[in-house]
Amino acid sequence: MRILQILQYRVLHIGLKWENIDLDKNKINVCMRVRKGTIDLPKGDKIRLIDLIPQAKQALLTQRQLTGLSTYVFHSKEGKPYFSETSITQSIQELCKKLHIVGGGGLQKMRRMHNTMLKQFGLPLDWILHQMGHETDEVNRNHYTGTITVDISKIIA
């Protein structure tokens, strides 16, 4: 369940190391990515610091208790770090099935949910784009934004 919390608040990066998380300053240094088992720079070579929101920090603190002195934040059941989107997606799908979460899926679905949630809460677009690692909102709108509901009762006449 914790992994779903972490995913919801967008701190799951495959191959994320504890040394890249500053729990005192509430920042994550996105300085690498793992694709198909290969470690390289983030997409577009965009190394950046992103904010660690309180809910994600709490989930990470719990995760830290489980991983102990391990270098990596996320492990498979066998205790090996995730180096493949497929392996972590399978784990997420198994967990969603176990928890009876319909339509639970992979990292892209979680990214979509996270982006939609940030927009739903009315956070500044520039901040959202930075968190997501995008320069314009086009990708967010076309691929990572679900249905946003608006409380029209808050509109002042």
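Structure: above.
Small disclaimer: the values here were computed from a predicted structure and weren't measured.

About the cut-offs
- Residues numbered from 1 in each chain as written.
- Predicted model: local features only at pLDDT ≥ 70, side-chain atom pairs only at ≥ 80, totals over all residues.
- Heavy atoms only, no water.
- Helix = DSSP H or I, 4+ residues; strand = E, 2+ residues; numbered from the N terminus.
- Buried < 20%, exposed > 50% of the residue type's maximum accessible area, 1.4 Å probe, protein only.
- Contact = heavy atoms within 4.5 Å.
- Patch = residues over 30% accessible without salt bridge, like charges linked within 9 Å, V, L, I, M, F, W, Y side chains within 5 Å.
- Areas by Shrake-Rupley, 256 points an atom, 1.4 Å probe, with all protein chains shown as cover.
- Salt bridge = Lys/Arg side-chain N within 4 Å of Asp/Glu carboxyl O.
- Pairing = 2+ DSSP bridges.

Focus on the overall build of the protein
Move 1: Helix and strand content of the protein: six helices and five strands.
Move 2: Each helix and strand of the protein, placed in order from N terminus to C terminus, yields the pattern α-β-β-β-β-β-α-α-α-α-α.
Move 3: Every one of the 157 residues in the protein was classed for burial, and the buried ones make up 39%.
Move 4: Taking the contacts inside the protein whose residues are at least 6 apart along the sequence as the reference set, 55% of them involve residues at least 24 apart.

Overview of a nonpolar patch on the surface
Move 1: Judged by side-chain polarity, Ile-148, Val-150, Ile-152 and Ile-155 come together as a nonpolar surface patch covering roughly 420 Å² of accessible area.
Move 2: Tracing the chain through its elements places Val-150 in the segment after helix 6 (137-143).

Details of the pattern of salt bridges
Move 1: Here the structure, examined in full by the defined rule, presents three salt bridges.
Move 2: Of the charged contacts, one joins Asp-51 and Lys-27 as a salt bridge, the two residues approaching to 2.5 Å between their closest N and O atoms. Within this pair, whereas Asp-51 is found in strand 5 (residues 48-51), its partner Lys-27 is found in strand 2 (residues 27-30), the two being separated by 24 residues in sequence.
Move 3: Assessed through its relative accessible area of 23%, Asp-51 is described here as partly exposed.
Move 4: On the basis of relative accessible area, Lys-27 is assigned to the partly exposed category, the value being 28%.
Move 5: Between Asp-137 and Lys-119 there is a salt bridge; the shortest N-O distance is 2.9 Å. Here the residue Asp-137 occupies a position in helix 6, and Lys-119 occupies one in helix 4 (residues 107-120), the gap between them amounting to 18 residues.
Move 6: Overall, the relative accessible area of 12% leaves Asp-137 in the buried class.

Observations regarding the environment of Asn-20
Move 1: Structurally, the position occupied by Asn-20 is in the loop between helix 1 (2-8) and strand 1 (21-22).
Move 2: Using a relative accessible area of 11% as the deciding quantity, one classes Asn-20 as buried.
Move 3: Along the sequence, Asn-20 and Met-32 sit twelve residues apart, while their C-alpha atoms lie 9.6 Å from each other.

Notes on the side chain of Asn-115
Move 1: Looking at where Asn-115 falls in the secondary structure, it is placed in helix 4.
Move 2: For Asn-115, the contacting residues outside a window of four places in its chain are Ile-128, Met-132, Asn-140, Tyr-144 and Thr-145.

Things to note about the pairing of strand 5
Move 1: Only one face of strand 5 is buried, namely the one carrying Arg-48 and Ile-50, since none of Leu-49 and Asp-51 on the opposite face is buried.
Move 2: Looking at chain direction, strand 2 and strand 5 are connected through four bridges and run antiparallel. The residue bridging Lys-27 from the neighbouring strand is Asp-51, located in strand 5.

Re unusual backbone geometry
Move 1: Within the chain, Asn-26 stands out as a residue other than glycine whose phi angle is a positive 55 degrees.
Move 2: Residue placement: Asn-26 occurs in the loop between strand 1 and strand 2.

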